Amino acid sequence: MSGVRVSGIGVHSGAAVTVRLHRSEGPLAFRLGATIVAADVDRVVATPRCTVLGDGGATVAMVEHLLAALAVAGFWSGVVIEVDGPELPILDGSAAPWREAVAELGAPPPPPEALHVAHDVRFEHEGTTIALRKGAPSLDVAVAFDAPIGSQAWSGTPERYGELLDARTFAFRHELEALWARGLALGAAPGRGIVFTAHGPEVPLRSADEPVRHKALDAVGDFVLLGRPLAAAVRIDRGSHAAHVTFMRHLRTLPFMSADERSSSSVSRSRA
Ligand SMILES: [Zn+2]
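Residues numbered from 1 in each chain as written. Predicted model: local features only at pLDDT ≥ 70, side-chain atom pairs only at ≥ 80, totals over all residues.

**With respect to the sheet that holds strand β3 (residues 29-32)**
Strands in a sheet are paired, the pairing made by backbone hydrogen bonds, and the direction either parallel or antiparallel. Quick reminder of the rule: Strands qualify as paired when DSSP identifies two bridges or more between them. Numbering of helices and strands starts at the N terminus; helices are DSSP runs of H or I of at least 4 residues and strands are runs of E of at least 2. To obtain each axis, a line is fitted to C-alpha atoms, and for helices this fit is confined to the stretch in contact; angles are then taken between N-to-C directions over 0 to 180 degrees.
Read across the sheet, five strands follow the order β1-β2-β8-β3-β4 without closing on themselves; strand pairing throughout is mixed. Edge positions in the sheet fall to β1 (4-9) and β4 (35-38), since each has one partner strand and no second. Sheet twist, expressed as the mean angle between neighbouring strand axes with direction ignored, is 30°. Sheet analysis places β3 next to β4, joined by four bridges and oriented antiparallel. Across the sheet, Ala29 pairs through a bridge with Ala38, a residue of β4.

**Quick word on the nonpolar core**
Stated precisely, the cut-off is as follows: As used here, a nonpolar core is made of buried Ala, Val, Leu, Ile, Met, Phe, Trp, Tyr and Cys residues. They are joined through C-beta atoms within 7 Å. In this scheme the burial state of a residue depends on its C-beta neighbours within 10 Å: 20 or more other such atoms mean buried, 12 or fewer mean exposed, and anything in between means partly exposed; the C-beta positions come from the backbone. What counts as a contact here is a pair of residues whose C-beta atoms, placed from the backbone, lie within 7 Å.
Of all hydrophobic cores here, the largest spans 68 residues; its most connected members are Ala69 and Leu70. The element contributing the most residues to this core is helix α1 (residues 64-72), with seven residues. Look past the residues within four positions of Leu70 in its chain and what remains in contact with it is Leu28, Phe75, Val79, Val102 and Val224.

**Some points on the environment of Gly191**
Turning to its location among the elements, Gly191 is positioned in the loop between α3 (173-181) and β15 (194-197). Residue class for Gly191 comes out exposed when judged on the 11 C-beta atoms lying within 10 Å of it. With 169 residues separating them in the primary sequence, Gly191 and His22 have C-alpha atoms 27 Å apart.

**With respect to the pairing of β1**
Of the pairings in the sheet, the one linking β1 to strand β2 (residues 16-27) comprises six bridges and is antiparallel in character. In the strand pairing of β2, Val6 is matched with Val19. Where β1 hands over to β2, the hairpin turn is made up of six residues, of which Gly14 adopts a positive phi near 75°.

**With respect to the packing of α1 against helix α4 (residues 210-223)**
Selection criterion: Comment on the angle field: the value is read as roughly parallel under 35 degrees, roughly antiparallel over 145, roughly perpendicular from 65 to 115, and oblique elsewhere. Side-chain classes follow a simple rule in which Ala, Val, Leu, Ile, Met, Phe, Trp, Tyr, Cys and Pro form the nonpolar group, Asp, Glu, Lys and Arg form the charged group, and the remainder, Gly included, forms the polar group.
Remark: α1 packs on α4, axes separated minimally by 7 Å, with the N-to-C direction vectors making an angle of 80°. By the angle class used here, α1 and α4 are roughly perpendicular. Residues Glu64, His65, Leu67, Ala68 and Ala71 of α1 form the contact with α4, whose participating residues are Leu217, Asp218, Val220, Gly221 and Asp222. Its residues assigned to classes, the contact of α1 with α4 shows five nonpolar, two polar and three charged.

**Some points on the sheet that holds strand β11 (residues 128-134)**
The five strands lie next to each other as β10-β11-β17-β12-β13, forming an open sheet whose pairing is mixed. The open sheet terminates on both sides in strands that have one partner only, identified here as β10 (121-125) and β13 (151-156). Each strand of the sheet is rotated relative to its neighbour by a mean of 10°, with strand direction disregarded. Sheet strands in contact with α4 are β12 (138-144), β13 and β17 (232-237), and its direction is about 130° off that of β12. Here helix α5 (residues 241-251) sits on the sheet and contacts β10 and β11; the angle it forms with β10, its principal contact strand, is near 140°.

Have a look at this one:
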């Protein structure tokens, strides 16, 4: 079968999974057997420490790292992702292996027009705050975890989102042990992300701020589910997949500015 092939273990299920990336006309989508599931926030069915898409009973989890790598490479459409298991493989816990796979797809199609919010937005959801300011796109992410991670922040413009792809997912050892006791995180193992104890990380970090970089990577990936880049300064405090998804659904209920409204109201009236 054709396509760019990536295989690995699903961190939640422990299942061996093979993914094939295919160039295709149309929006980003996942092919799960006979079911096509659009990479769209309306298709999110759960957010258990990752983002799960589904349609008609077919689901695929852990889509956010691949979606981030696709967006960083400029792919907002033109790729179908065929998956033969319940979730995308965790690989090394980062999106760096996805970046390599996506690079084999060649040049992306032209990007869609960005979404311009008509006014600033502030949103709160279960301890997360997300704020949008009109203006040039940027991302500003802050986290506050127990020691030894503590408080960290990262900010950058889209040209720098590629720097986030190397940052690995992480968990505290006591959280993992609780998940294992419930039959979850069965694929969590050395080499698949970072485990922290009270004394520090169990493997060397790629950067001192790797945890917040990973949270920013998760946000870049989740926000692909809007279908278009967001032309706004985004600030996320203590983000989560659940908050990102709830926020995107809220955004879709708000007025957005069209290209005409942005250039000149008289121009849009004359065209009407
Ligand atoms: Zn992640």
